[in-house]
Amino acid sequence: MTATLPDISARIAQRPDVDMVARTAARARNEMLTKPPGALGRLEDLAIWYAGWRGHAAPRVLTPQVIVFAGNHGITGQGVSAFPAEVTAQMVANFQQGGAAINQLARDAAARMDVHALELDRPTQDFTQDPAMSAQDCTAAFDTGWNAVDVTTDLLVVGEMGIGNTTSAAAIAAALLGGSGADWVGRGTGVDDDGLARKAEVVDRGLAANPSRDPLAVLAALGGREIAAMAGAIARARSLRIPVVLDGFICSTAALVLHRVDSDAVAHCVAGHLSAEGAHARLLDAMGLEPLLDLGLRLGEGSGAALAIHIVRAALACHSGMATFDEAGVADG
């Protein structure tokens, strides 16, 4: 039986909640550690958040996973990228050979890395003419992401590669949050002013051609296979209580789709970084997320989120490794 977009909605709805017992125990432990209250700032909140999802008062990150999804976009025929569409397949080969930035960052974070190329020989449709994907194609891509998550993973990063996908992401953001193409497009791979104006105009045409604002219908009509796959992986992580570190603008639009289906659907996510793609901050604001890092990155691939694995690990090293006042024999004031 072929899955449908309503099937995806039902899957998102059947999600576990945070383990409040573990979260409360983690908060109590944090209050007993050998430091002034709140002295570790957001690291304390991060550790408690993670503990609640993993169901352990003093957890560690031991088996992180980075998954990169790749897809091709029919919208590239509109001249929205500084690079040709064939670069997607070339970069997939680079990922597989270990030569990309994300390979180095995943290795440095001791994370398993997987790459999934989604029908690169069959790009999505040009969404100014037709919906980018049929419901069946969108669901198939979502399922690829769902099935890509290792059940033994304890921290997930999802990234993407797809020439033209900043235009697709901008269109999704505009459809779900309002505004015109000019409000959401950025320079992506480095387009000039004419290219930026062209991207905005293409997004506006796509919005007009695809009037539904149902979140999953928007994903199918304006998205890409790699964006749908990221949404599937994020949703699967929630079903397994695996915390997720979101990457930049494109990854965050995948999370936004889930958030618009149900605002609680991304409670297991943190924003790894703030992308230099200008509209990313507004997108994170819409989901109530504050980035952990701001380094001017705009590469994609999961690169900023992979860097943030170290921040999560550091938060948990302090939370789970520090002595309590009683253990250290220190007066707690």
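Check the entry above for the structure.
The sections below set out a description of the structure shown in this document. These figures come from a predicted structure and were not determined experimentally. Within each chain, residue numbers correspond to sequence positions counted from 1 in written order. Where local features are concerned, this predicted model is filtered to residues with pLDDT of at least 70; where side-chain atom pairs are given and counted, the filter is 80 or more; whole-chain, interface and lining totals use all residues. Heavy atoms from the whole structure form the basis of all side-chain values; hydrogens and water molecules are not counted.

1. What about the nonpolar core?
No. 1: Core analysis: the largest hydrophobic core is formed by 69 residues, its most contacted members being F69, L156, L222 and L258.
No. 2: Counting residues per element, this core draws most heavily on helix 11 (residues 225–239), which supplies nine residues.
No. 3: Residue types Ala, Val, Leu, Ile, Met, Phe, Trp, Tyr and Cys, when buried and joined through side-chain atoms within 4.5 Å, form a set referred to as a nonpolar core. Only protein chains enter the accessibility calculation, which uses a 1.4 Å probe; a residue is then buried when its area is under 20% of its type maximum, exposed when over 50%, and partly exposed in between. Membership of the second largest hydrophobic core comes to 33 residues, among which are V92, I102, A106 and A315. Working definition: helices are DSSP H or I runs of at least four residues, strands are E runs of at least two. Numbering for both runs from the N terminus.

2. Observations concerning empty space enclosed by the protein
No. 1: Only protein atoms enter the calculation, which uses a 1 Å grid: trapped sets of points that fit a 1.4 Å probe without letting it out are cavities, open sets showing protein on both sides within 12 Å along at least five of seven lines are pockets, and any residue with an atom within 4 Å of a point is a lining residue. Grid points are joined across faces, edges and corners, and a volume is the space filled by probe spheres set on the points. According to the stated counting rule, one finds one cavity of 30 Å³ or more in the structure shown.
No. 2: Here the largest cavity is characterised by a volume of approximately 60 Å³.
No. 3: Taken together, R11, I12, Q14, R15, W146, A235, R238, S239, L258 and A265 form the lining of the largest cavity.
No. 4: Looking at the lining of the largest cavity, the element that brings in the most residues is helix 11, giving three residues.
No. 5: In this classification, Asp, Glu, Lys and Arg are treated as charged, Ala, Val, Leu, Ile, Met, Phe, Trp, Tyr, Cys and Pro as nonpolar, and every other residue, Gly included, as polar. Residue classes in the lining of the largest cavity are distributed as five nonpolar, two polar and three charged.

3. Overview of helix 1 (residues 5–13)
No. 1: Inspection of helix 1 places L5, I8 and I12 among the buried residues, and these make up the whole buried set. The buried residues of helix 1 occupy an angular sector of 50 degrees when the element is viewed end-on, so they sit on one face.
No. 2: Packed against the buried residues of helix 1 are helix 6 (135–148), helix 10 (215–222), helix 11 and helix 12 (249–261). The reported arc concerns the directions from the helix axis to the C-beta atoms and nothing else. Note on definitions: a residue-residue contact is assigned when non-hydrogen atoms from the two residues lie within 4.5 Å.

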